[in-house]
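# Geometric and topological summary
Residue-level listing of the chains:
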Amino acid sequence: MVGFICNQNTANVKEVSMATLLSSSSSSLLFTNLSPQSLSQISLPSLSFSSSPSLSSSISLSSLPKRFSLSPTFSKNLSLSSSSSSSSSFTVNASIASEKKKVLIVNTNSGGHAVIGFYFAKQLLGCGHDVTILTVGDESSDKMKKPPFSRFSEIVDGGGKTVWGDVGAIGTILEGLTFDVVLDNNGKDLDAVRPVADWAKSSGVGQFLFISSAGIYKQTEEPPHVEGDAVKADAGHVAVEKYLSEVFDNWASFRPQYMIGSGNNKDCEEWFFDRIVRGRPVPIPGSGMQLTNISHVKDLSSMLTKAVENPTAASGNIFNCVSDRAVTLDGMAKLCSKAAGLPVEIVHYDPKAIGSDAKKAFPFRNMHFYAEPRAAKDILGWQSATNLPEDLKERFEEYVKIGRDKKTMTFDIDDKIIESLKVPVSV
Amino acid sequence: MAAAGVATLQHNFFKMQPSSVSLLPSSHSSFCGTKFNTSVQYKRKVCQPKGALNVTASSAKKILVMGGTRFIGIFLSRLLVEEGHQVTLFTRGKAPITQPLPGESDEAYNAFKSKILHLKGDRKDFDFVKTSLAAEGFDVVYDINGREAVEVEPILDALPKLEQYIYCSSAGVYLKSDLLPHCETDAVDPKSRHKGKLETEALLESKGVNYTSIRPVYIYGPLNYNPVEEWFFHRLKAGRPIPIPNSGIQVTQLGHVKDLAKAFIKVLGNEKASKQVYNISGDRYVTFDGLARACAKAGGFPEPEIVHYNPKEFDFGKKKAFPFRDQHFFASVEKAKAELGIVPEYGLVEGLTDSYNLDFGRGTFRKEADFSTDDIILGKSLVLS
């Protein structure tokens, strides 16, 4: 998605890409840094733009950035006149950002949340915003060989900047740069977030966003977790949320659960696929009725983007950063099986029976862990796009494409579990 | 008239005097639903003033209620009368046309009794339905007890100028799914036990009449004739363990009858509700185990002993060992919230407390306690251990 907006006062088109859109003008144009592919995807049947004398005299096709290739239709329709009414109209099939933002994403270098920054960066760039992603640690680290980091060239191709470093040195790393928005998608406690928050505050960042966790909600017998519900007082994320609310006038916290999506750093659906394609039983602790929320990561990036583009509405709020449907653990196994077009055998076991291996045995919490995105829907007008049955089909296609179905794997803990189920337990 | 109706509403209908000790703080008005969790809620666009009815300024209408003398209709008809509408209840007359609500003042009851009208008949007698309704003419029909589409046809035929047909359907129409909650756009099950409700909705849609269909989940509250909370209260009062099938983490959802009645009022004359379907129930869901504990809190009972069992190991004959479907069953009420501003007021424990204080706690209930299936379950458990 690309925005086309132009600042009427700018004489030189090269400077235009950094200019902000005049909100009153629906017919102004901004030529952003576009890759040839993204431009060709945009249909430009007609263009309407206001023309000012300065504009008409400065725009020439040769002065446009090199990557900006024009379709013949576009150049044909581009006629400028000094009269106030445009002689040709030009509509863009793209969402136009209300205001271009400079966004910094501080991203973790591993784990389930890593992929959030990747999608968010790409979506922001697609909407015409300026993006810098600071990944914690070293660019040369082995961690960078894994997705989504291995695909960071996509961020660069989209016009974003990628840098590496430690949050303690953030002021140095980003010296001279200013940002409108910062997203901390790294810290789980105040020690990790404070340096980022303090630097952001001192450098005049307007909006601070934080990736927290729905895991901080206190367990309840009345699901779902709704924003405002009691949280575990000693959780690191809770201390961060509190600090941010004290430091920033405009802040928001996003509490995610589990996510699927290409570029994920941590296994989610793969855990099920690994077993299903090998004809192995899928061991699920407890009854399998536990409800959880597994979202496509694009839901998370779209919610974050909504907050960036609606800062006043988002300010001071907690958002459960999840899709709007829960699935049971058994249900997830069944959906993965359907997506793979293969049968599944689910076996239930008592995690207590396998002792300390229980934690590593299964990638999800053994309890109802179910939040609903009510604040995002109410306050930001956000809608979920996750469609697990369809999304899992795509995920399975990629799973096979990368050859993971043929990979040799051992299932030591699974084997232990299955063994333990064969032995009759004396009462 | 509407304004006076609202004032009366606050004063008469909802000012119940609980006879037993209320678990709610004393400043709590018996109607207002105090939010159970007092932590700061996120900023909301839709703000409902507590206890206010937000009566839509609809002029007085001639309203027919199919049913109205057992549970939902009792609360709904009171609200309608207090709003100044002319309300007729169509029933066979098996239950008393009017009965005082627990805690209701004589003044309020008499005011209601003097205004409510009754049309005696069997709704399955389609000819009678058609002629009697045509003779009377009604602006709006609330169909609270309709089960089959055929029952609705004569009503529509009799009232060609009907302004709105408001139907009490059921969330039971939803097709079982691995993805929850059920939303109004989800697939429905044409083979479900509630297919009559589905067929009725389809008929209303096909006839082009201005209809609104409400799909409640499990309804609870004083005068409930379905043993929902009563089932737990019987066991809690008897100091018996509560047998719950399988894991006890099955998630269900209860909606207070007073919230449901208010929702029915909210859709009256509401253009936004035209030809729409709404899930109406509580704001949160609850596990079976959680519900047992919530009932205990509501009645001031100690925490119950819960016994889980595998229903497949038993043969209960025709008897139901547990009053809920043994599966997850809950629906999102966000559509009604977002589009109509319908926000349930009762939290679970406070709603169950209201039910206990006004009904079971006063010694009233609909079904006698029957612990025969419990004893089968507990008997076998005893043997195993």
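Check the entry above for the structure.
Residues numbered from 1 in each chain as written. Chains lettered and ligands numbered in written order. Predicted model: local features only at pLDDT ≥ 70, side-chain atom pairs only at ≥ 80, totals over all residues. Heavy atoms only, no water.

## Focus on the overall build of chain B
Put simply, the rule is: Where helices and strands are cited, they refer to DSSP runs of H or I of at least four residues and of E of at least two residues respectively, numbered from the N terminus. We call two residues in contact when some of their heavy atoms are within 4.5 Å. Residue exposure ignores everything except the shown protein chains as possible cover, and the areas themselves are Shrake-Rupley values with a 1.4 Å probe.
Counting secondary structure elements, chain B contains 12 helices and 14 strands. A sequence separation of at least 24 residues applies to 82% of the contacts in chain B between residues at least 6 apart. Element-wise, carbon and sulfur atoms account for 53% of the exposed surface of chain B, whose accessible area totals about 16,600 Å².

## Comments concerning the pairing of strand β4 (residues 181-185) of chain A
All names here are of chain A. Inclusion rule: With a 1.4 Å probe rolled over the protein chains alone, any residue whose accessible area is under 20% of its type maximum counts as buried; one over 50% counts as exposed, and the rest are partly exposed. Two strands make a pair as long as DSSP finds a minimum of two bridges between them.
The buried count for β4 comes to five of five residues, which makes it a mostly enclosed element. A two-sided burial pattern is seen for β4, the buried positions comprising Val181, Leu183 and Asn185 on one face and Val182 and Asp184 on the other. By the bridge criterion, five bridges tie strand β1 (residues 102-107) to β4 in an arrangement that is parallel. Across the sheet, Val106 pairs through a bridge with Asp184, a residue of β4. In the sheet, β4 pairs with strand β5 (residues 207-211) via four bridges, with the strands oriented parallel.

## Some details on the nonpolar core
Residues and elements named next belong to chain A. Heads up, the condition is: In these notes, a set of buried Ala, Val, Leu, Ile, Met, Phe, Trp, Tyr and Cys residues joined through side-chain atoms within 4.5 Å is what counts as a nonpolar core.
If you look at the biggest cluster of nonpolar residues, it comprises 59 residues, and the most contacted ones within it are Leu104, Phe208, Phe272, Ile294, Leu388 and Leu392. The greatest single-element share of this core, amounting to seven residues, is contributed by helix α13 (residues 329-340). Setting aside chain neighbours within four positions, we find Leu392 in contact with Ile260, Glu269, Phe273, Met332, Leu335, Cys336 and Ala339. If you look at the next biggest cluster of nonpolar residues, it comprises 39 residues, including Val103, Leu209, Leu300 and Ile379.

## As for the environment of Glu398(A)
Relative to the elements of secondary structure, Glu398(A) occurs in helix α16 (residues 388-401). When the C-alpha atoms of Glu398(A) and Ile413(A) are compared, they prove to be 26 Å apart, with 15 residues separating the residues in sequence.

## Topic: the packing of helix α7 (residues 229-237) of chain B against helix α9 (residues 288-299) of chain B
Residue and element names in this part refer to chain B. What counts is decided by this rule: Angles run from 0 to 180 degrees between N-to-C directions of axes, and those axes are lines fitted to C-alpha atoms, restricted for helices to the stretch in contact. Note on convention: near helix rotated counterclockwise from far helix by under a right angle means a left-handed crossing. Clockwise means right-handed.
It is at 10 Å that the axes of α7 and α9 come closest, and there the two elements cross at 65 degrees. The way α7 lies across α9 gives a crossing that is right-handed. From α7, Phe232, Phe233 and Leu236 reach across to α9, where they touch Leu291, Ala292, Cys295 and Ala296.

## A look at a positive patch on the surface
As a reminder of what qualifies: Patch building starts from residues that exceed 30% relative accessible area and form no salt bridge, then joins like charges within 9 Å and nonpolar side chains (Val, Leu, Ile, Met, Phe, Trp, Tyr) within 5 Å. We count a salt bridge whenever a side-chain nitrogen from Lys or Arg sits within 4 Å of a carboxyl oxygen from Asp or Glu. In this tally Asp and Glu are treated as negative and Lys and Arg as positive; neither His nor the chain ends contributes. Charge coordinates come from a single atom per side chain, which is NZ of Lys, CZ of Arg, CG of Asp or CD of Glu.
A cluster of basic residues, Arg70(B), Arg92(B), Lys94(B), Lys124(B), Arg147(B), Arg193(B), Lys320(B) and Lys367(B), forms a positive patch at the surface. Relative to the helices and strands, Arg70(B) is located in the loop between β1 (62-66) and α2 (72-82).

## Section: α2(B)
Residues and elements named next belong to chain B. α2 sits mainly inside the fold: 11 of its 11 residues count as buried. Inspection of α2 places Ile72, Gly73, Ile74, Phe75, Leu76, Ser77, Arg78, Leu79, Leu80, Val81 and Glu82 among the buried residues, and these make up the whole buried set. In the segment just after α2, Gly84 is the residue with positive phi, at about 100 degrees.

## Brief notes about the interface of chain B and chain A
Note the cut-off: Note on terms: buried area is the combined drop in 1.4 Å-probe accessible area of two parts once they are placed together, counting the loss on both. For this scheme, ten residues count as nonpolar: Ala, Val, Leu, Ile, Met, Phe, Trp, Tyr, Cys and Pro. Four count as charged, namely Asp, Glu, Lys and Arg, and the remainder, Gly too, count as polar.
Opposite the 32 residues of chain B that make contact, chain A presents 32 residues. Summing the contributions of chain B and of chain A, the shared interface buries around 2,800 Å²; its carbon and sulfur component is 49%. For the interface between chain B and chain A, the tally reads six salt bridges. Close ionic contact of Arg325(A) with Asp186(B) constitutes a salt bridge, the shortest N to O distance being 2.8 Å. Going through the elements one at a time, β6 (179-180), β13 (286-287), α9 and α10 (334-340) of chain B are the ones with two or more residues in the side of chain B that touches chain A. Of the residues forming the side of chain B that touches chain A, the biggest block, three residues, is contributed by α9(B). Residues belonging to the side of chain B that touches chain A are distributed by class as follows: 12 nonpolar, nine polar and 11 charged. Note: strand β12 (residues 326-328) of chain A against β6(B), two bridges, orientation antiparallel. Bridge pairing links Val327(A) to Leu179(B) in β6(B).

## Digging into the sheet that holds strand β12 (residues 276-280) of chain B
All names here are of chain B. Spatially, seven strands are ordered β3-β2-β1-β4-β5-β7-β12 in an open sheet, and the strand pairing comes out parallel. The sheet terminates laterally at β3 (117-120) and β12, the two strands that pair on one side only. Averaged over all pairs of adjacent strands, the angle between their axes in this sheet comes to 20 degrees, without regard to strand direction. With four bridges connecting them, β1 and strand β4 (residues 140-143) associate as parallel partners. Within β4, the position partnered with Met66 by the bridge is Asp143. The strands touched by α2 within the sheet are β1, β2 (86-91), β4 and β5 (164-168), with β2 carrying the most contacts at an inclination of about 160 degrees.

## Quick word on the pattern of salt bridges
The full count for this structure, using the stated rule, is 44 salt bridges over all chains. Here Asp143(B) ties to Arg123(B) by a salt bridge, and the two come within 2.7 Å at their closest N and O atoms. Pair noted here: Asp143(B) is in strand β4 and Arg123(B) is in the loop between β3 and α4 (126-136), with a separation of 20 residues, a long-range link. Classification of Asp143(B) as buried rests on a relative accessible area of 0%. On the basis of relative accessibility, which here comes to 9%, the residue Arg123(B) falls in the buried class. Within the structure, one salt-bridge network assembled from shared partners comprises Asp229(A), Glu372(A), Arg374(A), Asp283(B), Arg284(B), Glu334(B) and Lys337(B).

## Some thoughts on α13(A)
All names here are of chain A. What counts is decided by this rule: Take the number of residues in a helix, subtract one, and multiply by 1.5 Å to get its expected span.
Taking 1.5 Å of rise per residue, the 12 residues of α13 would be expected to cover 16 Å, and the 17 Å separating its terminal C-alpha atoms lies within 8% of that figure. Buried residues dominate α13, accounting for 10 of its 12 residues. If you check which residues of α13 are buried, you get Leu329, Asp330, Gly331, Met332, Ala333, Leu335, Cys336, Ser337, Ala339 and Ala340. Following α13 by one or two positions, Gly341 adopts a phi angle in the positive range, close to 70 degrees.

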